[in-house]
Every structure is written in structure tokens, then in C-alpha cells.
Amino acid sequence: MEDPRKSWFHIIFDFKSSVIPNIWLRVLVIMVFALLVTIAHGNNLPMNQPILGSIIPGIVLGLLLVFRTNTAYDRYWEGRKLIGLISKNCCIMAKNIIVFVPENNSEDYAQKISYIKLLIALFIAVKLQVRKEKINEEIKKYISEVQCLELNRSNNMPLQITKWLTIYFDRLTKNSSINELTLISWNQKIEEIFIAFGGCQRIATTPIPKAYSIHLKHLLLIYCFAIPFQFVAELSWWTIPVSGIISFALLGIEAIGLEIENPFGYDSNDLPIDNIGTKMTEDILELINSGSFNNSELWEGWVSLQEIS
């Protein structure tokens, strides 16, 4: 069992995943400014201005920061739920297809597997779309060359793939492979996937209003640059590290909100979409490999059983 103390200290010194790389320069500038204020105070200039602490009430700034961070985390958590819903529905649809769609020959089985793999491609397409990326080698493994060409021309890859799946389900219904109720149920699952994708698109393309972000940054800078004037008389040279600590706390909270407001990127604080997709792919491929028709001997055995019955 992992020592929780080691884990705790490991997290403390995980600077790569923290906001320190994003804010250290701003904190350093404020500390340099605090140094200049301290030097000026030591030369009997009127630097002691505690009234500056009341220019921007701390509670107001705190509420603005909390609102900013909570809003960003809501987007992060909603994105996680939507990605989870897409992954779950893809696995459910893969299970339904492999269990309930009958095969009369190896061609039917090959077609069924190709559409199950298309569900993997659907998840990858969602990932590429929210990241504003083009078709890549990852998705090419699960689609045909013709499908690859069509996706290259498409502005909405998930929509195109859901159309192919819907056409396949409709064809199965017309062939009496599945009934109307199954068709409705499966189409609802596909619609849920596409609606969840729409939610991801909304998060990815709707940033926090720029005016709010700019105003918060202005208030933060004014507040941080006012800190040395409040403490220089009482703390003297200690004003420098105290200013750095306070500015680190406030700027760090603001940076966290900025870091997680769009959770679909590659940063260490973004959602682990690639890991989620890999796990989903492994589950679906395991379903395929554990099926009754993944080799010729089992296929021939199934055909023999059908003939006997």
C-alpha cells in the first residue's frame, strides 16, 4: 500500500501540474515592487498607506475569485460527465450490436464488427472535434478508406459517423434483424451521444466572458500592488515575502480557473480524455475478441449448430 505521506509530499512538489509556471513571473514582479517600496520607506519617503487596503475590499475580491473558480470547475465537471456519457453509451451500443445482431455468414459478421469499431471512431471523432483537430492515424485504424475520405471532407465528424450508424440500424430493421422497438432504443442512445457531444462543443467554444476576466485581472493587480503600502511600516523587509505569498495565493486561484475552464486539451490539469478513450477501446475490443465468431473454427462450429437445429 502506498504511503499517504509520500503521496502528499509528491503532490506538494509536483510543480509541473501546478499553476506556479504560469504565475511565478507575476509574483516576482510584485515582490520586486515590494522591494522598491521597502527601500523607499527606509529612506523616509511616505510609503506607509494602510488606507489602500480599503480601496478594494478583500471580501469583494474573494467572492469574485470564488465565482470565477466555481464557474470554471462547473465546466470541468460537466465536461467529465459528458465524456463519460459518450464512453458509456459507446460501450453499451457495442455490446448490443455484438449480442443482438444476428449473422448468417462471415460477411455479416465482418460488417457487424466494422460498425462496432465505428463506435470507437465516434469517440475519437468527438475528441478531435472539441480539440479542433483534423482526422489522424488513431481514428484511421477503425474506419475504411472511403469513410476516411468522407470524414476529411466533413466539418462535423461525429455527426457523419452517427449518420452511418443510424443508416446501419435502419437497414437491420428492414432486414428484420432487429425490431422497431430496438431501432428506437438504439437511435436514442446515438442521439444521447450526439447531444453530449454538443455539450462538449458548447464548453469548448464558449469561454468565460472576456469583460469579466479582464476586470478581475485589473482588480487583482491593483490589490496586489497595494499590499506593500499596507504592511511596510510594520513588517519592513518582511513586506517582500509577505507580498509574494499573498499575491501567489490570489493569482494562483485566478490561474486555476483559467486552467480548467476548457478541460479538453492536453494540459496535465485537463480531462484525461485519451485515457478514457483507451479504456473504452480496450473494453470494446475485448467484447469483439470474446465473441463467438472471432475465428474461423468457431464460425464453422456455429454454422454447424444452425444446420443441426
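Given the structure is predicted, the values throughout are model-derived calculations rather than measurements.

Q: Now, about the nonpolar core: what can you tell me, with residues and values included?
A: Counting 58 residues, the largest nonpolar core has Ile-86, Ile-139, Ile-161, Leu-165, Phe-169 and Phe-264 as the members making the most contacts within it. Among the elements of the structure, α3 (58-100), α4 (106-130), α6 (145-153), α7 (157-174), α8 (180-205) and α11 (273-289) are those that each provide at least two residues to this core. A per-element tally of this core places α4 first, with 15 residues. Aside from chain neighbours lying at most four places away, what touches Ile-139 is Ala-121, Ile-124, Ala-125, Leu-128, Leu-151 and Ile-161. Counting 16 residues, the second-largest nonpolar core is a separate cluster that includes Val-27, Leu-220, Ile-227 and Leu-251.

Q: Which residues make up the pattern of salt bridges, and what values go with them?
A: Counted under the stated rule, the structure contains 10 salt bridges. In this structure, Glu-261 engages Arg-68 in a salt bridge whose closest nitrogen and oxygen atoms are separated by 3.0 Å. With Glu-261 in the loop between α10 (239-260) and α11 and Arg-68 in helix α3, this pair connects stretches of sequence that are 193 residues apart. You can call Glu-261 buried: its relative accessible area is 13%. With its nearest N and O atoms 2.2 Å apart, the salt bridge here joins Lys-112 to Glu-103. The buried category is assigned to Lys-112, whose relative accessible area is 1%. When its relative accessible area of 3% is taken as the criterion, Glu-103 is described as buried. One connected set of salt bridges, linked through shared partners, spans Lys-127, Arg-131, Glu-138 and Asp-274.

Q: Just give me the short version of the environment of Asn-155, but keep the residues and values in it.
A: Locating Asn-155 in the fold gives a position in the loop between α6 and α7. The exposure class of Asn-155 is exposed, given its relative accessible area of 71%. C-alpha of Asn-155 to C-alpha of Lys-134: the two residues are 21 residues apart in sequence and 9.6 Å apart in space.

Q: Report on a nonpolar patch on the surface, specifying residues and quantitative values.
A: Nonpolar side chains collect at one region of the surface, where Trp-24, Leu-25, Leu-28, Val-29, Val-32, Leu-35, Leu-36, Ile-39 and Trp-237 lie side by side and expose about 850 Å² of accessible area between them. Position of Trp-237 relative to the elements: it lies in the loop between α9 (210-235) and α10.

Q: Summarise α4; cite the residues concerned and give the values.
A: Taking 1.5 Å of rise per residue, the 25 residues of α4 would be expected to cover 36 Å, and the 37 Å separating its terminal C-alpha atoms lies within 8% of that figure. Along α4, 18 of the 25 residues are buried, which leaves the element largely enclosed by surrounding structure. Two or three places before Glu-107, at the opening of α4, Asn-105 has a side-chain oxygen 3.1 Å from that residue's backbone nitrogen. Backbone geometry just downstream of α4 places Lys-132 in the positive-phi region, at approximately 60°.

The rules we used
- Residues numbered from 1 in each chain as written.
- Predicted model: local features only at pLDDT ≥ 70, side-chain atom pairs only at ≥ 80, totals over all residues.
- Heavy atoms only, no water.
- Core = buried A, V, L, I, M, F, W, Y, C linked by side-chain atoms within 4.5 Å.
- Buried < 20%, exposed > 50% of the residue type's maximum accessible area, 1.4 Å probe, protein only.
- Helix = DSSP H or I, 4+ residues; strand = E, 2+ residues; numbered from the N terminus.
- Contact = heavy atoms within 4.5 Å.
- Salt bridge = Lys/Arg side-chain N within 4 Å of Asp/Glu carboxyl O.
- Patch = residues over 30% accessible without salt bridge, like charges linked within 9 Å, V, L, I, M, F, W, Y side chains within 5 Å.
- Areas by Shrake-Rupley, 256 points an atom, 1.4 Å probe, with all protein chains shown as cover.
- Expected span 1.5 Å × (residues − 1).
- Polar contact = N/O pair within 3.5 Å; in protein donor to acceptor, adjacent residues only side chain to side chain.

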